[in-house]
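Read off the chains here:
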Amino acid sequence: MFLELGRLSKLNLSGNIFSTLSTGLFTNLQDLSTLTFGTETLFCDCQLKWLLLWAQQNSVRVGNDTVCVFPTHLHGLEFRNLREQQLKC
């Protein structure tokens, strides 16, 4: 989806309806520094573990309005502050 946007530095996916993101979705965005995806359906489980690790390894700042909705024990927590072991299936 983002193949031709390698120079993109900021990406805001807020307002879109999705609960997870496919592994490697942002791999081609080498210049990305800020990612925001505020959504009312974000499911923070093992399927988003790749994103947390990728953001940390690539120094990508995930916006503070990106919060988990599910599972209930993570409801309202900012995605960027989660630890890898919290993202379970």
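That block above? That's the structure.
Just so you know, these numbers come straight off a predicted model, no measurement behind them. (Residues numbered from 1 in each chain as written. Predicted model: local features only at pLDDT ≥ 70, side-chain atom pairs only at ≥ 80, totals over all residues. Heavy atoms only, no water.)

*Asks:* Can you lay out the state of the cysteines for me, pointing to particular residues and giving the numbers?
*Replies:* If you walk through the whole model with that rule in mind, you get two disulfides. Put simply, cysteine 44 and cysteine 68 are joined by a disulfide, and their sulfur atoms are 2.0 Å apart. Residues cysteine 44 and cysteine 68 share a disulfide whose torsion about the S-S bond is about -95 degrees; that sign makes it left-handed. Pair noted here: cysteine 44 is in the loop between β2 (34-36) and α1 (49-57) and cysteine 68 is in the segment after β3 (61-62), with a separation of 24 residues, a long-range link. (Disulfide = S-S within 2.5 Å. Helix = DSSP H or I, 4+ residues; strand = E, 2+ residues; numbered from the N terminus.)

*Asks:* Outline α1, supporting the account with residue identities and numerical values.
*Replies:* For α1, the set of buried residues is Trp50, Leu51, Leu52, Trp54 and Ala55. In this structure, the buried residues of α1 make contact with β2 and β3. Directly after α1, the chain includes serine 59, whose backbone phi takes a positive value near 55 degrees. (Buried < 20%, exposed > 50% of the residue type's maximum accessible area, 1.4 Å probe, protein only. Contact = heavy atoms within 4.5 Å.)

*Asks:* Can you tell me about the nonpolar core, naming the residues and giving the values?
*Replies:* Residues Phe26, Leu35, Phe37, Leu51, Trp54 and Phe79 are the most contacted members of the largest nonpolar core, which totals 24 residues. Looking at which element gives the most residues to this core, the answer is α1, with five residues. (Core = buried A, V, L, I, M, F, W, Y, C linked by side-chain atoms within 4.5 Å.)

*Asks:* Could you give an account of unusual backbone geometry, with specific residues and numbers?
*Replies:* In this structure, proline 71 follows phenylalanine 70 across a cis peptide bond, with omega equal to -10 degrees. Inspection of the secondary structure assignment puts proline 71 in the segment after β3.

*Asks:* Give me the side chain of threonine 36: which residues, what numbers.
*Replies:* Examined against the element boundaries, threonine 36 turns out to sit in strand β2. Overall, threonine 36 belongs to the buried group, its relative accessible area being 12%. Not counting residues within four places of it along the chain, the set of residues in contact with threonine 36 comprises Leu11, Asn12, Leu13, Ser14, Gly63, Asp65 and Thr66.

What is shown is where atoms sit, not what they do.
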